[in-house]
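# Fold and contact review
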Amino acid sequence: MLSYDSRSGWLTPARHCPSPNHDARPNGVAVSLLVVHGISLPPGQFGGPYIDQLFCNALEPERHPFFASVCELRVSAHALIRRDGELVQYVPLNCRAWHAGLSRFQGREGCNAFSIGIELEGTDRQSYERAQYQKLAAVYRAIENHFPALQADCLVGHSDISPGRKSDPGPAFDWACLRRHLAASQPEVH
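Report on the accompanying structure. (Residues numbered from 1 in each chain as written. Predicted model: local features only at pLDDT ≥ 70, side-chain atom pairs only at ≥ 80, totals over all residues. Heavy atoms only, no water.)

### Details of the overall build of the chain
Rule in force here: Secondary structure elements are taken from DSSP: a helix is a run of H or I of four residues or more, a strand is a run of E of two residues or more, and numbering for both begins at the N terminus. Radius of gyration here uses only the C-alpha atoms, and the compact-globule reference equals 2.2 Å multiplied by the residue count raised to the power 0.38. Here the term buried applies to any residue with accessible area under 20% of the maximum for its type, exposed to any over 50%, and partly exposed to those in between, with areas from a 1.4 Å probe on protein chains only. For this analysis, residues touch if any pair of their heavy atoms sits within 4.5 Å. Areas reported as accessible are Shrake-Rupley estimates using a 1.4 Å probe. Residue values count occlusion only from the protein chains shown. His is not counted, nor are the chain ends, whereas Lys and Arg count as positive and Asp and Glu as negative. Charge positions come from single atoms, namely NZ of Lys, CZ of Arg, CG of Asp or CD of Glu.
Check the secondary structure of the chain and you find four helices and twelve strands. For 190 residues, the compact-globule formula gives about 16 Å, and the C-alpha radius of gyration of the chain, at 16 Å, lands near that figure. In the chain, which comprises 190 residues, the share counted as buried stands at 48%. Once local pairs closer than 6 in sequence are excluded, the contacts in the chain between residues at least 24 apart make up 69%. Just so you have it, the chain exposes about 9200 Å², and 52% of that area is on carbon and sulfur atoms. Charged side chains in the chain number 18 positive and 19 negative. The centres of these two groups are separated by 3 Å.

Right, dumping it as structure tokens:
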């Protein structure tokens, strides 16, 4: 069972791969948004160490022609869910990860300040795996009581907060499937 330590900001069990690309959330700002991203490095390829390397500023540009265009970026996400459902965490959830860039949600600018960013290993056009939906639902259930302003209707794609600039997680992401997994993992009310 996935759990969250609100003191440290880390999920367990998860592989922890700390990224330097984060900072403190602004004082008094509550987490009220979960942003779903899609990523693959190189584009369209899965597996390998490259996402970890990107988020830890260790991506070597000579490894692939695409890497030269992204190796200088200083970006991160709170976590990544690989194709097989493995959870990798880069940034404590109580810190601000650098995942959203220029963004707006419900009139609020700078979504990094009040959001959690979860990357799913995938592309806009290739179906995501069932294990990824299950793990994303499990992450949400593990943290929902620690972030009371985070409601199920505040799960959005990167494309929703950065329209025209970002397209992920793309049309291949099945929001109805995520809602079914969230419903199936809903705690019983007595």
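Still to come is the rest of the account.
### What to know about the sheet that holds strand β6 (residues 79–81)
Two orientations exist for strands paired in a sheet by backbone hydrogen bonds: parallel and antiparallel. We apply this condition: Note on pairing: two strands pair once DSSP finds at least 2 bridges between them. Structural elements are reduced to axes, namely lines fitted to C-alpha atoms, with helices fitted over the stretch in contact, and the angle between N-to-C directions of any two is expressed from 0 to 180 degrees.
One open sheet holds the six strands; their spatial order is β3-β7-β6-β11-β5-β12, and the pairing between them is mixed. The open sheet is flanked by β3 (15–16) and β12 (155–157), the only strands paired with a single partner. Here β3 pairs with strand β7 (residues 87–89) via two bridges, running parallel. If you follow His-16 over to β7, its bridge partner there is Gln-89. Strands in contact with helix α2 (residues 130–143) are β5 (33–39), β6, β7, β11 (115–121) and β12; relative to β11, the strand with the most contacts, it is inclined by about 160°. Along the sheet, helix α4 (residues 175–184) makes contact with β5 and β12, crossing β12 at roughly 155°.

### Digging into the packing of α2 against α4
Put simply, the rule reads: Angle categories are assigned with fixed cut-offs, so that under 35 degrees is roughly parallel, over 145 is roughly antiparallel, 65 to 115 is roughly perpendicular, and the rest are oblique. The handedness criterion is simple: a crossing whose near helix is rotated anticlockwise from the far helix by less than a right angle is left-handed, and one whose near helix is rotated clockwise is right-handed. In this classification, the charged set is Asp, Glu, Lys and Arg, the nonpolar set is Ala, Val, Leu, Ile, Met, Phe, Trp, Tyr, Cys and Pro, and all remaining amino acids, among them Gly, are polar.
The geometry of α2 relative to α4 is characterised by a closest axis approach of 9 Å and an angle of 50° between their N-to-C directions. By the criterion of interaxial angle, the relationship of α2 to α4 is oblique. In the crossing of α2 with α4, the sense of the turn from one axis to the other is right-handed. Contacts between α2 and α4 involve Arg-130, Tyr-133, Gln-134, Leu-136, Ala-137, Tyr-140 and Arg-141 on the former and, on the latter, Cys-177, Leu-178, His-181, Leu-182 and Ala-183. In terms of residue class, the contact of α2 with α4 is built from eight nonpolar, two polar and two charged.

Geometric descriptors of this kind do not, in isolation, establish any biological role.
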